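Structural features, examined
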Number of protein chains: 4
Amino acid sequence: MIIDRTFAEEVVQPRPLKSHKGTFGRVFLVGGNPPYNGAVIMAACACVNSGAGLVSVATDQNTISALHSQLPEAMAFAAADEEQFQQELLRADVVLIGPGLGEDYLARRSLEKVLNGIGPQQTLIIDGSALNLLAEKEDYKLLPQKLILTPHQKEWERLSGLAVEKQTPDKNRAALTHFPSQTVLVAKSHHTVIYGPDSQIGELPVGGPYQATGGMGDTLAGMIAGFAAQFSVSSFAAAAAAAYLHSAIADQLSQTAYVVLPTRISQELPEAMKRLSMKN
Amino acid sequence: MIIDRTFAEEVVQPRPLKSHKGTFGRVFLVGGNPPYNGAVIMAACACVNSGAGLVSVATDQNTISALHSQLPEAMAFAAADEEQFQQELLRADVVLIGPGLGEDYLARRSLEKVLNGIGPQQTLIIDGSALNLLAEKEDYKLLPQKLILTPHQKEWERLSGLAVEKQTPDKNRAALTHFPSQTVLVAKSHHTVIYGPDSQIGELPVGGPYQATGGMGDTLAGMIAGFAAQFSVSSFAAAAAAAYLHSAIADQLSQTAYVVLPTRISQELPEAMKRLSMKN
Amino acid sequence: MIIDRTFAEEVVQPRPLKSHKGTFGRVFLVGGNPPYNGAVIMAACACVNSGAGLVSVATDQNTISALHSQLPEAMAFAAADEEQFQQELLRADVVLIGPGLGEDYLARRSLEKVLNGIGPQQTLIIDGSALNLLAEKEDYKLLPQKLILTPHQKEWERLSGLAVEKQTPDKNRAALTHFPSQTVLVAKSHHTVIYGPDSQIGELPVGGPYQATGGMGDTLAGMIAGFAAQFSVSSFAAAAAAAYLHSAIADQLSQTAYVVLPTRISQELPEAMKRLSMKN
Amino acid sequence: MIIDRTFAEEVVQPRPLKSHKGTFGRVFLVGGNPPYNGAVIMAACACVNSGAGLVSVATDQNTISALHSQLPEAMAFAAADEEQFQQELLRADVVLIGPGLGEDYLARRSLEKVLNGIGPQQTLIIDGSALNLLAEKEDYKLLPQKLILTPHQKEWERLSGLAVEKQTPDKNRAALTHFPSQTVLVAKSHHTVIYGPDSQIGELPVGGPYQATGGMGDTLAGMIAGFAAQFSVSSFAAAAAAAYLHSAIADQLSQTAYVVLPTRISQELPEAMKRLSMKN
């Protein structure tokens, strides 16, 4: 199926009048370790601008000041703070781990805390280097149920065992059967495809080479988290609509920009979502 | 009564020609402890942009750099610096405590210093987690006279003992009699109501779900502080006009934005206040 | 004399085609100690945007990151670094000390280093709390020759011994005779007056109460430093033209802003100076 | 030859549709030591905005937060981290060393690591204070092959032994023979000239005194790195096109700005490159 504007309009509905921050979900982001501190900043920026009710970030101590310099709207604390980490993990509606997480001891420990602590009602999005750590696991079936994976081709190769040139729709779908049955796969490439648990295959009619720059994936992951937190739709629909809008905004910006910076996409989110919600 | 544009125009008067920074008041903000560092940044941003003459912030040491990265106009120091804290407390016209204060030992200590040190001519605004700490007190009548409380429904429940569903105008007004007689209550919800000491009940014809995002309350608290510091009107009028303008700006921004970020409201303040002061 | 647009146009000349950074002067700023870190950031921002060739800042270690977050164009180092301090002092064309300097031991030490190290060809601008420290001196005649003082009324009271209500043009001029003969005085108030060494008294037909907010003076001081560094005119002309433009920009912004933030004035500088230089 | 718009249009081609971050190159920047922390921030800003696929910065620990505050798109780590340094050096397509590097022990050590570790396929750009360190070397012929030098007149004097007034095209070309045969020289002055290995001499019809401000060279160096990383053209063509565009953007901004700040040029890059790539 084609994930087009009409699909995204179905997801991005006008907000209910009687609502509060909690109505739009609580998102917990984990990542941003050196030298990738900026990755979790970009994810948080996308998440807040996409309308998540509350956004909290566990990261390296040195990332916090840079995050709050540009996004005071997000909460942030050192990922090494066990108590705070558990508390945020417990009350989140959506957890996103991976943007700039790295693969060192602390990264591994954060991933284990998330995998062990997350409950069946919470959506877990795994992105970036957390996918490489995941690839070391023996049995993917033990992963949480409400799972969204957002690998680029090399990450998916490590995870699925499929070499990049063998990542066809059929093989990707077969590889996905090794994961929990509700898993959504956002297979990123110059032609991103979203795989849903009911054999959905969503293709994007948007996107282009102006998006090939560092941080683009972190921004998409943050948007998926924001959409999953606030919209009462399936994980597939949330991920697909976010991926659509991410590339649709880039397309529009590329009319006047040779390269589209990830943070520019986040800035456009409130206006672009408003237009979607008004269906015009 | 309806707090409308005409009400706000009465408050936001053109500035006197012969004036200096002191004419527009000195505001002292206390808050911004981890992980809520951004809260006091947003409050300070709203306060400076609303026209307060001088704004000083006592916060966590790590908040200061992020604050000055985006708002060099505000002064800032570590809340643990006792001498500086007492000095700023002494000379402030308005004190706002709460945005991102937290509830730990340092938070409690800061609140006690404020409650013990504030004088009868100084306006005290209590917001956020400081309201939770206040709820532990036995006798609200011992609080300072010029008091403005800005709780959301759960905070007001803790403070008043009224469960959220019982927070009717009559019950709220009755609960307010346990506080000093001049207390103003800004009862925040998707339908915010402002209660004054002379039985005023102000209702807002503005506001909407695009405001349901983290930091919105911190921004409102900063605006109330700025209004109370510079306008020679009652605390009720200052709080009501600030609440009106806060939501009126959000309404306008929401014409083209799905979610309105708190910092965007602050950016609009100088222009919106100019229009109010010109009554057009 | 009235310092008007024509006066400023005479100062802000088109740049010579054959030029390099050095042509437009080297400015050394000293200040920004806690809690006033933002003051030197605002001064540096004004100085860079006014076109100074190179701007270097000696400040508190914690100010540096916030400065570079918004103004990577300026150099910065800890004021406690004696060697670097002496080196910058030696090669500066203009030294500005005072914005957010404070009055503690380090502040005093910085002022002494500047007063002792500055040469007869270097312009020295003394602002803010450095003026209070100066007021403790016994003999102002020992101060450097190329001196610009930028006190507000209370600072001038401490410096001159004239109570605010006695600060008339005649008395101010008389008080100025206690300083080196070439001293320029920028007496800031809601009606700023600039006093030159040849009995000039410059009055501004611009400015208003929208400027009464923290940081406005720091911004003016930074502009005066930038003008003195790059324009081949007298200190009086540089200070007067900067004061004119500072208020003229504020006037223009105030058409649509209730309060004009200092950093907004700096943002407008390149455009406003371009218009002046083109005399249209 | 004149490096004009047509020349730049040949370099800045539309991006290939089937591409990813790696297609547009990996750039490694080294610099930003105190007090010049901002220099490497400006270089990174130019490099990211010019479309490099991935940008990584080795710098002083204190620079990192300020960098990520405005450019989360770049990776960053402490230059003292030997392992990370070697890893980034190894996988970079282009290495730029110099913006704000300084000349102390750590600066020298960073330069040695780069000179010793760089391979024959990697482009090395040497800028700023790294050029002064280079001037201490005995035999320039031992330098890496794919070399771009970006000195201003005093730096070139130290490097070539030619006093500023003797830096004629003929003498510059002769001096260049002491460097590896493929070396490109960007001789910066108010009339910048680019020398290529095949006796090319490129002159710019653009640029002016509004560019004479601190950070301009750092921005140019970052652009050259970005161009060299993504365009399949000679080092001469990449450097010349970048130098053209840098000054062409400044020219355009100078229509309404007395001084053009380096960071403003970087902001314009995506739009200006889009126009070039569309040849209109």
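Residues numbered from 1 in each chain as written. Chains lettered and ligands numbered in written order. Predicted model: local features only at pLDDT ≥ 70, side-chain atom pairs only at ≥ 80, totals over all residues. Heavy atoms only, no water.

To be explicit about the condition: UniProt positions are given in the numbering used here, feature names are shortened, and annotations may be inferred rather than shown by experiment.
In the nomenclature of an unreviewed UniProt entry, chain A is known as ADP-dependent (S)-NAD(P)H-hydrate dehydratase of Streptococcus pantholopis. Per UniProt, chain A has the following entry under Function (unreviewed entry): "Catalyzes the dehydration of the S-form of NAD(P)HX at the expense of ADP, which is converted to AMP. Together with NAD(P)HX epimerase, which catalyzes the epimerization of the S- and R-forms, the enzyme allows the repair of both epimers of NAD(P)HX, a damaged form of NAD(P)H that is a result of enzymatic or heat-dependent hydration." As its UniProt record puts it under Subunit (unreviewed entry), chain A is described as follows: "Homotetramer."

Digging into the overall build of chain A
As a reminder, the rule being used: Helix and strand definitions follow DSSP, with helices as H or I runs of at least four residues and strands as E runs of at least two, each counted in order from the N terminus. Within these notes, the globule rule equals 2.2 Å times the number of residues to the 0.38 power, and the radius of gyration is based on C-alpha atoms. Only protein chains enter the calculation, and the probe is 1.4 Å; a residue is then buried if its accessible area is under 20% of its type maximum, exposed if over 50%, and partly exposed in between. The contact criterion used throughout is that any non-hydrogen atoms of two residues lie within 4.5 Å. For the area figures, the Shrake-Rupley method with a 1.4 Å probe applies, and any residue is considered shielded solely by the protein chains shown. His is not counted here, nor are the chain ends, while Lys and Arg score as positive and Asp and Glu score as negative. Just so you know, the charge point we use is NZ for Lys, CZ for Arg, CG for Asp and CD for Glu.
Scanning chain A for helices and strands turns up 11 helices and nine strands. For 280 residues, the compact-globule estimate of 2.2 N^0.38 gives 19 Å, and the C-alpha radius of gyration of chain A, at 17 Å, lies within 12% of that figure. Reported as C-alpha extents along the three principal axes, the dimensions of chain A are approximately 45 × 45 × 40 Å. A burial count over chain A gives 66% of its 280 residues as buried. For chain A, long-range pairs separated by at least 24 residues make up 68% of all intrachain contacts whose partners lie at least 6 apart in sequence. Carbon and sulfur atoms make up 50% of the accessible area of chain A, which totals about 9900 Å². Across chain A, the mean location of the 22 positive side-chain charges is 4 Å away from that of the 27 negative side-chain charges.

A word on the relation of the copies chain B and chain C
Mapping between the two copies of the chain is achieved by a rotation about an axis and a shift along the axis. Short version of the rule: Superposition of the copies used a least-squares fit over C-alpha atoms from residues whose pLDDT is at least 70 in both.
Overlaying chain B on chain C yields an RMSD of 0.0 Å, the required transformation being a rotation through 90° with an accompanying axial translation of 0.0 Å. Given the turn and translation reported, the copies of this chain are related as if by a four-fold rotation axis. Across chain B, the smallest distance between a C-alpha and the rotation axis is recorded for Ser69 of chain B, namely 4.1 Å. Here only 8% of the contact residues of chain B are again contact residues in chain C; the copies associate through non-equivalent surfaces.

Quick notes on the pattern of salt bridges
The following threshold applies: By definition, a salt bridge exists where a carboxyl oxygen of Asp or Glu is found within 4 Å of a side-chain nitrogen of Lys or Arg.
Here the structure, examined in full by the defined rule, presents 44 salt bridges over all chains. The residue Lys113 of chain A makes a salt bridge to Glu82 of chain A at a minimum N-O spacing of 3.5 Å. Placement of the pair is Lys113 of chain A in helix α5 (residues 105–117) and Glu82 of chain A in helix α4 (residues 82–91), with a sequence separation of 31 residues. Lys188 of chain C is the salt-bridge partner of Asp127 of chain C, the closest N and O atoms lying 3.4 Å from each other. One end of the pair, Asp127 of chain C, is in strand β5 (residues 123–127); the other, Lys188 of chain C, is in the loop between β7 (184–187) and β8 (193–195), with 61 residues separating them in the sequence. The burial state of Asp127 of chain C is the same as that of Lys188 of chain C; both residues are buried. Members of the salt-bridge network, linked through shared partners, are Arg26, Glu88 and Arg91 of chain A.

A word on the interface of chain B and chain C
What counts here: Throughout, the accessible surface (probe 1.4 Å) given up by two parts as they are put together, summed over both, is called the buried area. We call two N or O atoms a polar contact when they sit within 3.5 Å, provided that within protein one can donate a hydrogen and the other can accept it, with sequence-adjacent residues counted only if both atoms are side-chain atoms.
Facing the 36 residues of chain B at the interface are 27 residues of chain C. The contact between chain B and chain C buries some 2500 Å² in all, and 60% of this surface belongs to carbon and sulfur atoms. Per-residue buried area on chain B facing chain C is highest for Arg15, Pro72 and Glu73 of chain B; these three make up 25% of the total on that side. The tally of links between chain B and chain C comes to zero salt bridges. Linking chain B to chain C there are 10 residue pairs in polar contact (both at pLDDT 80 or more). At the level of secondary structure, the elements contributing two or more residues to the side of chain B that touches chain C comprise α2 (37–49), α3 (63–70), β3 (75–78), α4 (82–91) and α11 (262–277) of chain B.

A few points about the pairing of strand β5 (residues 123–127) of chain B
Along any regular strand the residues' side chains alternate between the sheet's two faces. Residue and element names in this part refer to chain B. Put simply, the rule is: Two strands make a pair as long as DSSP finds a minimum of two bridges between them. Handedness rule for crossovers: strands pointing away from the viewer, path from the first strand over the helix to the second running clockwise, crossover right-handed.
Buried residues dominate β5, accounting for five of its five residues. Going residue by residue along β5, you find Thr123, Ile125 and Asp127 tucked away on one face and Leu124 and Ile126 tucked away on the opposite face as well. Taken together, the four bridges between strand β4 (residues 94–97) and β5 define a ladder with parallel strand orientation. Bridge pairing links Val95 to Leu124 in β5. For the handedness criterion, the β-α-β arrangement of β4, helix α5 (residues 105–117) and β5 is classed as right-handed. Of the pairings in the sheet, the one linking β5 to strand β6 (residues 147–150) comprises four bridges and is parallel in character. Residue pairing across strands places Leu124 opposite Leu147, the latter belonging to β6. In this fold, β5 hands off to helix α6 (residues 129–134), which returns the chain to β6; that crossover is right-handed.

Describing the UniProt feature "domain: YjeF C-terminal" (unreviewed entry) in chain A
The positions UniProt marks with the feature "domain: YjeF C-terminal" (unreviewed entry) are residues 4–276 of chain A. Taken end to end, residues 4–276 of chain A is 45% helix and 14% strand, and its first and last C-alpha atoms sit 11 Å apart.

Let's talk about the interface of chain B and chain A
Taken together, the contact pairs 27 residues of chain B with 36 residues of chain A. Around 2500 Å² of area is buried between chain B and chain A when both sides are counted, 59% of it from carbon and sulfur atoms. For the chain B face of the interface with chain A, the top three residues by lost area are Pro35, Pro209 and Tyr258 of chain B, together amounting to 31%. Linking chain B with chain A are zero salt bridges.

With respect to the packing of helix α3 (residues 63–70) of chain A against α3 of chain B
Keep this limit in mind: Note on geometry: axes are C-alpha line fits, over the in-contact stretch for helices, and angles between N-to-C directions span 0 to 180 degrees. By definition in this entry, angles of less than 35 degrees are roughly parallel, angles greater than 145 are roughly antiparallel, angles of 65 to 115 are roughly perpendicular, and the rest are oblique. Whether a crossing is left-handed or right-handed is set by the direction in which the near helix is turned from the far one by less than a right angle, anticlockwise for left-handed and clockwise for right-handed. Charged residues are taken to be Asp, Glu, Lys and Arg, nonpolar residues to be Ala, Val, Leu, Ile, Met, Phe, Trp, Tyr, Cys and Pro, and polar residues to be all remaining types, Gly included.
Remark: α3 of chain A packs on α3 of chain B, axes separated minimally by 8 Å, with the N-to-C direction vectors making an angle of 30°. The pairing of α3 of chain A with α3 of chain B is recorded here as roughly parallel in orientation. Handedness of the crossing formed by α3 of chain A with α3 of chain B: right-handed. Residue-level inspection shows Ser65, His68, Ser69 and Gln70 of chain A of α3 of chain A in contact with α3 of chain B, the latter providing Ser65, Ala66, Ser69 and Gln70 of chain B. Its residues assigned to classes, the contact of α3 of chain A with α3 of chain B comprises one nonpolar, seven polar and no charged.

Some points on the sheet that holds β5 of chain B
Residue and element names in this part refer to chain B. Taken in spatial order, the nine strands line up as β3-β2-β1-β4-β5-β6-β7-β8-β9 in an open sheet, and their pairing is mixed. Strand pairing shows two members of the sheet lacking a second neighbour, β3 and β9 (201–203), which therefore form its edges. Each strand axis lies, on average, 15° off the axis of its neighbour in the sheet, ignoring direction. The strands touched by α3 are β2 (54–59) and β3; relative to β3, the strand with the most contacts, the crossing angle is about 175°.

Here we look at the pairing of strand β4 (residues 94–97) of chain C
All names here are of chain C. Side chains of β4 alternate between two faces, with Val94 and Leu96 and Val95 and Ile97 buried alike. Sheet analysis places strand β1 (residues 26–30) next to β4, joined by four bridges and oriented parallel. Bridge pairing in β4 links Val30 to Ile97.

Let's talk about the sheet that holds strand β3 (residues 75–78) of chain D
Each strand in a sheet pairs with another by means of backbone hydrogen bonds, the pair being arranged parallel or else antiparallel. Residue and element names in this part refer to chain D. Taking strand neighbours across the sheet as the criterion, the nine strands line up as β3-β2-β1-β4-β5-β6-β7-β8-β9 in an open arrangement whose pairing is mixed. Both edges of this open sheet fall to β3 and β9 (201–203), since each of them pairs with a single strand only. Averaged over all pairs of adjacent strands, the angle between strand axes in this sheet comes to 15°, irrespective of strand direction. Across the sheet, helix α4 (residues 82–91) is in contact with β1 (26–30), β2 (54–59), β3 and β4 (94–97); its angle to β1 comes to roughly 135°.

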